[in-house]
Amino acid sequence: MSETENLFADGVLVVGNNIADEVLVVDGLALDEKVFCEEWSLHAGGQAANAAATLARLRVPARFLGRFGDDEAGRFTRAAMAADGIDTRASPTLPARTIAASVIVDRVSGQRTIVMRRDPALLATPLPTGEDLLAGVAILYGDGYERDAFVRLATLARARGLAVVCDLETRDPADARLLELVTDLIAPAAVLCAMAGIDDPEGAVRALAARGPRVVVATMGAAGAVGAEGERIVRTPAAPCTVVDTTGAGDAFHAGWVAALREGRDLADRMARAAAVAAVKCAHPGPQAPAAALAPLATRRTT
């Protein structure tokens, strides 16, 4: 094993979106009105990228597979990952614009609205999916946005006996195959209810857990989360915090879950850890919580 692989041993391969987030904070939003932006900032974001950054700040080795454009935004987001020690060498730089988003945050409630834009040229080249990407990997995580690459890697990961964790924000024809491959499915309650054809989140996680994944968790924002592991049902409230910005809260929840899974924690502990990490994120502006704020929750396990 090389020195690089040794440093990454027992790490997490994160597959999915990488986005340059322009965050605008306003005092209230209303349709067909002009509002002034009270604060403006630029952040490295994206669902998978947020999870990777949070894992790195929780002291979990992370490798990222996604798409970078050959523009200033791509250089900015790749540099941000490098600063967190995230391995991005397998991620291609493509002749396209990096995905960008305008995140409008209501200062009063901390809630956000996101407008994303993606250059079609960014999707013209398939991502690499060689088995070498799984060297040193303990867990494969995907945000649901690179379905083809994730399904191929998940197939290889399951053959190796690895845990495969996935988020889904949208429905896709590949969902049935994902249900066969993932060990841990964590997604918004609305998505899981639509997948299961059941309006009740508890009923939905029960039904989906019977179709392949060993664990299914529905996230419900301020209402907490409900998870099913076989016949066992666990409900976890949202951890208390003063909400500043909910951007990236779900990504933080997933990172907290993966970190706890890597430590061998049971369902209730994983859900509580995930909720705690999400609460730290909500208490800070931007899509990622700072390392100092996450330090009390960082893994104590060494690799």
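Cut-off values and rules
Residues numbered from 1 in each chain as written. Predicted model: local features only at pLDDT ≥ 70, side-chain atom pairs only at ≥ 80, totals over all residues. Heavy atoms only, no water. Helix = DSSP H or I, 4+ residues; strand = E, 2+ residues; numbered from the N terminus. Rg over C-alpha atoms; globule rule 2.2 N^0.38 Å. Buried < 20%, exposed > 50% of the residue type's maximum accessible area, 1.4 Å probe, protein only. Contact = heavy atoms within 4.5 Å. Areas by Shrake-Rupley, 256 points an atom, 1.4 Å probe, with all protein chains shown as cover. Lys, Arg positive; Asp, Glu negative; His and termini not counted. Charge placed at Lys NZ, Arg CZ, Asp CG, Glu CD. Pairing = 2+ DSSP bridges. Core = buried A, V, L, I, M, F, W, Y, C linked by side-chain atoms within 4.5 Å. Axes fitted to C-alpha atoms, helices over the stretch in contact; angles between N-to-C directions. Parallel < 35°, antiparallel > 145°, perpendicular 65-115°, else oblique. Left-handed = near helix turned anticlockwise from the far one by under 90°. Nonpolar A, V, L, I, M, F, W, Y, C, P; charged D, E, K, R; others polar. Salt bridge = Lys/Arg side-chain N within 4 Å of Asp/Glu carboxyl O. Phe/Tyr/Trp six-rings, centres within 6.5 Å; stacked < 30°, edge-to-face > 60°. Lys NZ or Arg CZ within 6 Å of the ring centre and 35° of its normal. Polar contact = N/O pair within 3.5 Å; in protein donor to acceptor, adjacent residues only side chain to side chain.

1. Quick look at the overall build of the protein
A tally of regular secondary structure across the protein gives 10 helices and 14 strands. Relative to the compact-globule value of 19 Å for 303 residues, the protein shows a C-alpha radius of gyration of 18 Å, a close match. For the C-alpha atoms alone, the extent of the protein along its principal axes is close to 55 × 45 × 40 Å. Burial statistics for the protein: of 303 residues in total, 53% are counted as buried. Within the protein, counting contacts between residues at least 6 apart in sequence, those at least 24 apart form 65% of the total. With the model as given, the accessible surface of the protein reaches about 13100 Å², and the carbon-plus-sulfur share is 54%. The average position of the 31 basic charges and that of the 38 acidic charges among the side chains of the protein differ by 4 Å.

2. So, the pairing of strand β2 (residues 19-26)
The element β2 is largely enclosed, with a buried count of 6 among its 8 residues. Pairing analysis gives 8 bridges linking β2 to strand β3 (residues 37-45), with the strands arranged antiparallel. Directly across from V25, in β3, lies its bridge partner E39. As judged from the 8 bridges shared by β2 and strand β7 (residues 99-106), these two strands associate in the parallel manner. Residue pairing across strands places I19 opposite I99, the latter belonging to β7.

3. Points about the nonpolar core
Of all hydrophobic cores here, the largest spans 41 residues; its most connected members are L55 and W257. Contributing elements (two or more residues each) for this core: β1 (11-15), α2 (47-57), β4 (62-65), β9 (137-142), β10 (163-166), β12 (215-219), α8 (249-262) and α9 (267-282). Beyond its immediate chain neighbours, meaning those up to four positions away, L55 contacts V12, V14, V60, A62, A255, V258 and A259. Of all hydrophobic cores here, the second largest spans 35 residues; its members include V15, F150, L185 and V216.

4. Some words on helix α7 (residues 201-209)
Side chains three or four residues apart in an α-helix point the same way, a direct result of the helix having 3.6 residues per turn. By the burial criterion, the buried members of α7 are P201, G203, A204, V205, L208 and A209. On its buried side, α7 packs onto α5 (175-181), α6 (189-196), β12, β13 (225-229) and β14 (232-236).

5. Some words on the packing of α8 against α9
When two helices pack together, you describe them by how their axes are tilted relative to each other and by the distance separating the axes. One way to put it is that α8 packs onto α9 with a least axis distance of 7 Å and a crossing angle of 140°. Between α8 and α9, the angle is such that the two are oblique. The way α8 lies across α9 gives a crossing that is right-handed. The residues of α9 that touch α8, namely those facing A249, A252, F253, G256, W257, A259, A260 and L261, are L267, R270, M271, R273, A274, A275, V277, A278, K281 and C282. Looking at the contact of α8 with α9 residue by residue, the classes come out as 14 nonpolar, 1 polar and 3 charged.

6. Focus on α2
Of all 11 residues that make up α2, 10 are buried, and the element is covered over most of its length. Those residues of α2 not exposed but buried are Q47, A48, A49, N50, A51, A52, A53, T54, L55 and R57.

7. Structural notes on the pattern of salt bridges
Per the counting criterion, the structure on display carries 19 salt bridges. Among the salt bridges present, the one from D84 reaches R57, with a minimum N-O distance of 2.9 Å. A residue pair is termed long-range when its members are at least 10 positions apart, and D84 in the loop between α3 (72-83) and β6 (93-94) and R57 in helix α2 qualify at 27 residues. Taking relative accessible area as the criterion, D84 reaches 24% and is therefore assigned partly exposed. Judged by relative accessible area, which is 19%, R57 ranks as buried. Here R63 and D87 are joined by a salt bridge, their closest N and O atoms 3.6 Å apart. Note that R63 is positioned in strand β4 and D87 in the loop between α3 and β6, a separation of 24 residues in sequence.

8. Here's the deal with the packing of aromatic side chains
Here the structure, examined in full by the defined rule, presents 1 aromatic pair. Positioned above the aromatic ring of F68, the side-chain terminus of R78 is 4.1 Å from the ring centre.

9. So, the side chain of Q288
For Q288, the position within the fold is in the loop between α9 and α10 (291-294). One polar contact links the side chain of Q288 to the main-chain carbonyl oxygen of A44, over a distance of 2.9 Å. Among the polar contacts listed, one links the side chain of Q288 to the side chain of N50, at a separation of 3.0 Å. When residues no more than four places from it in sequence are discounted, the contact partners of Q288 are A44, G45, A49, N50, A53, R57 and K281.

Remember, this is a structural readout, not a statement about activity or role.
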